[in-house]
Structures are given as C-alpha cells and as structure tokens.
Amino acid sequence: MSQTLFEKIWDAHLVKALPDGTFLIYIDRIFLHERTGSIALQSLAEDGRSVRHPEKVFCTMDHIVDTFPGRGDETVMPSGKDFIQATRKEAKNAGITLFDIGDENQGIAHVISPEQGIIQPGMTLVCPDSHTCTQGALGAAAWGIGSSEAEHAMATQTLRINKPKLMRVYFKGKLGTGVTAKDMILHLIGKYGAHGGAGHAIEFAGPAVRALSVEGRMTLCNMAVEFAAFTGLVASDEKTIDYLKSKAYAPSGAQWQQAVDYWRTLVTDDDAEFDEELIIDCDEIEPTVTWGTSPQHTCSIGGQVPALSSLANENARTAAKRALEYQGLSAGDAVLGLKIGNAFIGSCTNSRLEDLRYAAKILAGRKVAKGVKAICVPGSQQVKASAEKEGLDIIFKAAGFEWRESGCSMCFFAGGEHFGAKERVVSTSNRNFESRQGPATRTHLASPATVAASAVNGYISDPRDFLESGL
C-alpha cells in the first residue's frame, strides 16, 4: 500500500492504537532546555521515576541564558540564574547530555540537534518548544510538547497523541533573486492564513524545496507551527545525507551505509494520497514582510497594508484593526520605507551559517544607518565559530552590528533583554505577536537579507536593491 513519508515514520514508531482513538508512539530523541527542563526533571525525580534512556535525552542552555560576550550564569532575566543552575544540577543527576554555557557545542536546541546529527531521517523527536518542527527538515517527525509530556516521554520513551491529517505543500518553479525560504513560508501563511495547516502534518515538496539547502529547509519547517500544523517535514535526499555525514551523533562505519540505505526509502510513494494539497507558484513569491501582529499579516516588500474590507470575515477584520493600532499603521500604508529603530538577526528560524552569509553579502562595505540598533546572534557556538573562520563577524561588526554568543536572545521576551516600547524592529524571528520582543515592541518578520538591507537604509527595504548576482 502506497504511503506518504509521515505515514512511513508513523508506522515504524506505532506502539499501540488505544481504545480512546489516540495512539502510543515511540520517541527516539527528547530535547530539553533550561526554561522548563529542570522542572520536568525535578518532577520526574519527585515521583520516584528515572529517565528510561538517558543516552537519548539532551538538554541545552538557550532560552534564558544571556548572549552578551563574557556571559555566565547571571542573566538579565530575574531568577534566570536559578533556572540555569537547577537545570545543570538535574541534568547531571539524570545522566543526560547537557550542552552547557561554555560548551563549544552549545546553542539553540533546533540548531544544535541537526548540526550534531542528533536528529536523523525517520526519527521521532520531541521538545518542550513549539518550533521543534524545525527538525522535520531532515526527514524526521519532530514536534513540540509540554513539560508534563516531556516527563512521560523521559519515563517511558513513548507519548500518546492523536494522528494528524496529511497535507502536502508543493512549491513549483524557481525562486527569484533575493527570495529565500523565509519568504516562501511567510507567503504561504499570508495566502492561506495562520490556521491553514491546522491538525496536519505537512510535507513540503516540489522543485523549489529540493533546491533549498538543508538549512533553508529548516527555516521552512520551523514556521510550520505558525501555520497551525502539527509538524512540517521534508523528505531526505543526497543533500541530507551529505549534511549528516561525519556529524558527532550520526552513524559511522558499517552502520553509516545501513542508515543511508534506510534513509533513501523515506520518501512519499508516487501514488500516495494526502488529505489536502496546496500548490504555490514561486513566481508569485517576492521578498515578504509582516505588517501586523500575526505571521499571516504579510505582504510583498513593495505591497501595502490591506484594506480591512478585503479581509475574509469580521473576526479577521477585528484582529487586523487591533494589529494596525498596535503597530501604528493604517490600511493602505506602504511597508517599504517604514522607518525602523532596530534590526535583529537570530532565532531558531534564521541564525545558521547560510543565514549569516546572506546578511553579510549585503552588509559588506556598508554601515548600519544612524540611530538603528543592530544585533546578530548566531544560533550555536559552532555557527559562531564557522562564521568567524570565514570573517563574517568582521563584516557584521564593521557594519555596526553587535556580535553575540549563541542563544534564543530577543526572539522572545520573558522578562530579560528586550527592545523598547513602540520601537519598530525588523527581525528574522518567527513570531510578531504583541510584546513578543519586548513590551509594546512593534515587530516585522523578514528574511536575513531583508533585515540586513533595512538595517543599512534605516527603513524596511528590498534586498534585491543590494544584490546583483542573487543569494
């Protein structure tokens, strides 16, 4: 019987169909972070349970840790030190792998898991973070969970879940100059709405997806959750295999070839059926930016804030009206040319080496506009080291960007570092909700190229104006 990629992974991990209609699924890898990791580990221990397979559980310091050079356990976030030290203690007690402050492999969970080869095609992975779906880019099933679910997964190596419906999003054609994976996913969400993928496991496919690097595919899958999807994934191919070769946790020796042979079977069969299929023509996609307070509030870089009357229903109009009031905008306003006060390059969406290269291509030989605070936060210490080896840090710093240590940083505000009230920031992060990057901060989501171009001009700008040979 023909199967989709997700069905193949599901069947390989199905432990039992339960009487209530849910399913017990085997979990290959569990990832924790310091914001909730210590709580889950402490609760598990207090209940008299141990981690079933410590070698399959990993933890990193990414959410709360500061990203300033010379950082330690102290944080801008009140009580952040307590979270960090508690996580360190509980991780040691449980015998799990911890990527601690000062570790050369520390970084954002969804950046370091792929770069270490912890996630591999055909695996299941869970983490108490909604953007865990990022890791589906390597042909895996990865999704976000809550702390109590993390406890259950650590104790039993299983989880009870509902089986999602299946969707394929097919990107046909070729991306134009200055158009990236970030523009692809923002275009999709803008076209079909933030609930367009609700209840579905989404496979991203088509020639434009095949043409993306593995890092680009991670950006695409990262924001599947902003489309309300259960997860997003891309079938593995030779790019995936080359990416994983020689990674720290990847198979080696004879097991490598065995793994590769299996990975090559993890593709959707030609006549497999999906519950829904969407087709996106890449000729329609331009550099894209958000104007409101939802990832669905998007327009092309040369577009305008839509008229409220053009929106689908009263709920959408009410939400858009509130968003415009919050953002200090009006229907019909052009996004191109909006003055900004801040530029942020980082987050699990766009903080990998490829992202920094995109931005550096625009920043080289240029300066950040006067009055703009610009920050670059590499997604991992490995990304940071690789960028520095290429001299990208020199380009960023010469342009006027702050060059940070790895972590989630100002992707989200949790009482620590943040941008100011009513300050406008163009950001490579994944959420532009109210106060997401600081109390009353106004966020516009965009690609690294768009953020870099905007930082140089001091207003939201088209990256294609800076590019002659594409990205």
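Scroll up a little and you will see the structure.
The present account deals with the structure reproduced in this document. Residue numbers restart at each chain and count upward from 1, following the sequence in its written direction. Predicted model: local features are reported for residues with pLDDT of at least 70 only, side-chain atom pairs are reported and counted for 80 or more only, and whole-chain, interface and lining totals are derived from all residues. By convention in this description, side-chain values take in all heavy atoms of the structure and omit both hydrogens and water.

## Observations concerning the overall build of the protein
Where we set the bar: Segments assigned H or I by DSSP are reported as helices when at least four residues long, segments assigned E as strands when at least two residues long, and all are numbered from the N terminus. Restricting the calculation to C-alpha atoms gives the radius of gyration, and the globule rule supplies 2.2 Å times the number of residues raised to the power 0.38. Partly exposed describes any residue whose relative accessible area lies between the buried limit of under 20% and the exposed limit of over 50%, with all areas from a 1.4 Å probe on protein chains only and scaled to the type maximum. By definition, residues are in contact when any of their heavy atoms lie within 4.5 Å. Counting rule applied: Lys, Arg positive; Asp, Glu negative; His and chain ends not counted. We put the charge of a Lys on NZ, of an Arg on CZ, of an Asp on CG and of a Glu on CD.
Along its length, the protein carries 15 helices and 19 strands. Compactness check: the protein gives a C-alpha radius of gyration of 21 Å against a globular reference of 23 Å for 471 residues, within 12% of the reference. Seen through its C-alpha atoms, the protein measures out along the principal axes to roughly 55 × 55 × 45 Å. When burial is assessed residue by residue, the protein has 61% of its 471 residues classed as buried. Counting contacts in the protein only where the partners sit at least 6 residues apart, residues at least 24 apart contribute 76% of the total. Averaging the coordinates of the 47 positive side-chain charges in the protein and doing the same for the 56 negative ones gives two points 3 Å apart.

## Points about the sheet that holds strand 7 (residues 141–144)
Condition: Note on pairing: two strands pair once DSSP finds at least 2 bridges between them. Note on definitions: angles span 0 to 180 degrees between N-to-C directions of axes, and those axes are lines fitted to C-alpha atoms, for helices only across the stretch in contact.
Taken in spatial order, the five strands line up as 5-4-3-6-7 in an open sheet, and their pairing is parallel. In this open sheet, the two edge strands, each paired with only one partner strand, are strand 5 (97–99) and strand 7. Taking each pair of neighbouring strands and ignoring which way they run, the sheet shows an average axis angle of 20°. Two strands pair when backbone bridges link them, and strand 6 (residues 124–127) and strand 7 are joined in this way by four bridges, in the parallel orientation. Across the sheet, the residue bridging to Leu125 is Ala142, located in strand 7. Set on the sheet, helix 4 (residues 109–116) makes contact with strand 3 (29–33), strand 4 (57–60), strand 5 and strand 6; between it and strand 3 the angle comes to about 140°. Against the sheet, helix 5 (residues 147–156) makes contact with strand 3, strand 4 and strand 6, and its axis sits at roughly 135° relative to strand 3, the strand it touches most.

## Structural notes on the packing of helix 2 (residues 37–46) against helix 3 (residues 80–94)
Relative placement of two packed helices is described by the angle separating their axes and the distance separating the axes. Put simply, the test is: An angle below 35 degrees is treated as roughly parallel, one above 145 as roughly antiparallel, one from 65 to 115 as roughly perpendicular, and anything else as oblique. Rotating anticlockwise by less than a right angle from the far helix to the near helix defines a left-handed crossing, while the corresponding clockwise rotation defines a right-handed one. In this classification, the charged set is Asp, Glu, Lys and Arg, the nonpolar set is Ala, Val, Leu, Ile, Met, Phe, Trp, Tyr, Cys and Pro, and all remaining amino acids, among them Gly, are polar.
In the contact formed by helix 2 and helix 3, the axes pass within 8 Å of each other and the chain directions differ by 45°. By the angle between their axes, helix 2 is oblique relative to helix 3. The crossing of helix 2 and helix 3 is left-handed. Residues Ser38, Ile39, Leu41 and Gln42 of helix 2 form the contact with helix 3, whose participating residues are Phe83, Ala86, Thr87, Glu90, Ala91 and Ala94. For the contact of helix 2 with helix 3, a count of residues per class yields six nonpolar, three polar and one charged.

## Considerations on the side chain of Arg352
Defined as follows: Salt bridges are defined by distance alone: a side-chain nitrogen of Lys or Arg within 4 Å of a carboxyl oxygen of Asp or Glu. Polar contacts here mean pairs of N or O atoms no more than 3.5 Å apart (in protein, one a potential hydrogen donor and the other a potential acceptor; neighbouring residues in sequence count only if both atoms are side-chain atoms).
Its place among the elements puts Arg352 in the loop between strand 15 (342–345) and helix 12 (353–363). One buried charge, Arg352, has no salt-bridge partner; the nearest side chain with opposite charge is Asp355, at 4.5 Å. A distance of 3.2 Å separates the side chain of Arg352 from the backbone oxygen of His110, its partner in a polar contact. Setting aside residues no more than four positions away along its own chain, Arg352 makes contact with His110, Val111, Thr134, Glu215, Met218, Thr219 and Val383.

## Structural notes on the nonpolar core
Threshold: Here, nonpolar core refers to any group of buried Ala, Val, Leu, Ile, Met, Phe, Trp, Tyr and Cys residues whose side-chain atoms link them within 4.5 Å.
Ranked by internal contacts, the top residues of the largest apolar core, which has 83 residues, are Phe171 and Phe204. Broken down by element, the residue count for this core peaks at six residues, all from helix 6 (residues 181–192). Those residues within four positions of Phe204 in sequence are excluded, and the remaining contacts are Val169, Phe171, Ile185, Leu188, Val209, Leu220, Cys221, Ala224, Gly232, Leu233 and Val234. Counting 48 residues, the second-largest nonpolar core is a separate cluster that includes Ile345, Val372, Ala387 and Leu467.

## Quick look at helix 3
Using the following cut-off: Residue count minus one, scaled by 1.5 Å, sets the expected span of a helix.
Its 15 residues give helix 3 an end-to-end C-alpha distance of 21 Å, which sits within 8% of 21 Å, the value for a rise of 1.5 Å per residue. Among the residues of helix 3, those classed as buried are Gly80, Ile84, Ala86, Thr87, Glu90 and Ala91. Buried-residue contacts for helix 3 involve helix 2, strand 4 and strand 5. Just past helix 3, the residue Gly95 takes up positive phi, approximately 75°.

## Things to note about the environment of Gly391
Residue placement: Gly391 occurs in the loop between helix 13 (381–390) and helix 14 (392–399). Residue classification places Gly391 among the buried positions, given a relative accessible area of 16%. Counting along the chain gives 31 residues from Gly391 to Ala360, while the straight-line C-alpha distance between them is 9.6 Å.

## Notes on the packing of aromatic side chains
Applied cut-off: Any Phe, Tyr or Trp ring, taking Trp's six-membered ring, that has another such ring centre within 6.5 Å forms a pair; planes under 30 degrees apart are called stacked, those over 60 apart edge-to-face, and the others tilted. Whether a charge lies above a ring is judged from NZ of Lys or CZ of Arg, which has to be within 6 Å of the ring centre and within 35 degrees of the ring normal.
Inspection of every chain in the model, using the stated rule, returns 11 aromatic pairs. Residues Trp143 and Phe230 carry aromatic rings whose centres are separated by 5.1 Å and whose planes lie at 35° to one another, so their mutual orientation is tilted. Residue Trp143 is located in strand 7, and its partner Phe230 is located in the loop between helix 8 (214–222) and strand 11 (231–233); the two are separated by 87 residues in the primary sequence. Owing to a relative accessible area of 21%, Phe230 belongs among the partly exposed residues under this scheme. Taken together, the aromatic side chains of Phe6, Trp10, Phe23, Trp143 and Phe230 make up a single cluster linked through ring pairs. The residue whose ring lies beneath Lys247 is Tyr243, and the NZ or CZ to ring-centre distance is 4.2 Å.

## Things to note about the pairing of strand 9 (residues 165–172)
Our working rule: Seen with its strands pointing away from the viewer, a crossover is right-handed when the path leading from the first strand over the helix to the second is clockwise.
Relative to strand 10 (residues 200–205), strand 9 runs parallel, the two sharing six bridges. Paired with Lys165 across the bridge in strand 10 is His200. Read from strand 9 through helix 6 to strand 10, the crossover connection turns out right-handed.

## A few points about the pattern of salt bridges
This model, assessed by the stated rule, comprises 22 salt bridges. Asp47 is the salt-bridge partner of Arg49, the closest N and O atoms lying 3.8 Å from each other. Arg49 gets classed as partly exposed once you look at its relative accessible area, which sits at 49%. Since its relative accessible area comes to 46%, Asp47 is described here as partly exposed. Across the pair Asp237 and Arg210 runs a salt bridge, and its minimum N-O distance is 2.6 Å. Separated by 27 residues along the polypeptide, Asp237 in the loop between strand 11 and helix 9 (238–244) and Arg210 in helix 7 (residues 207–211) bring together distant segments of the chain. Each of Asp73, Arg88 and Asp100 takes part in salt bridges that share partners, so that together they form one network.

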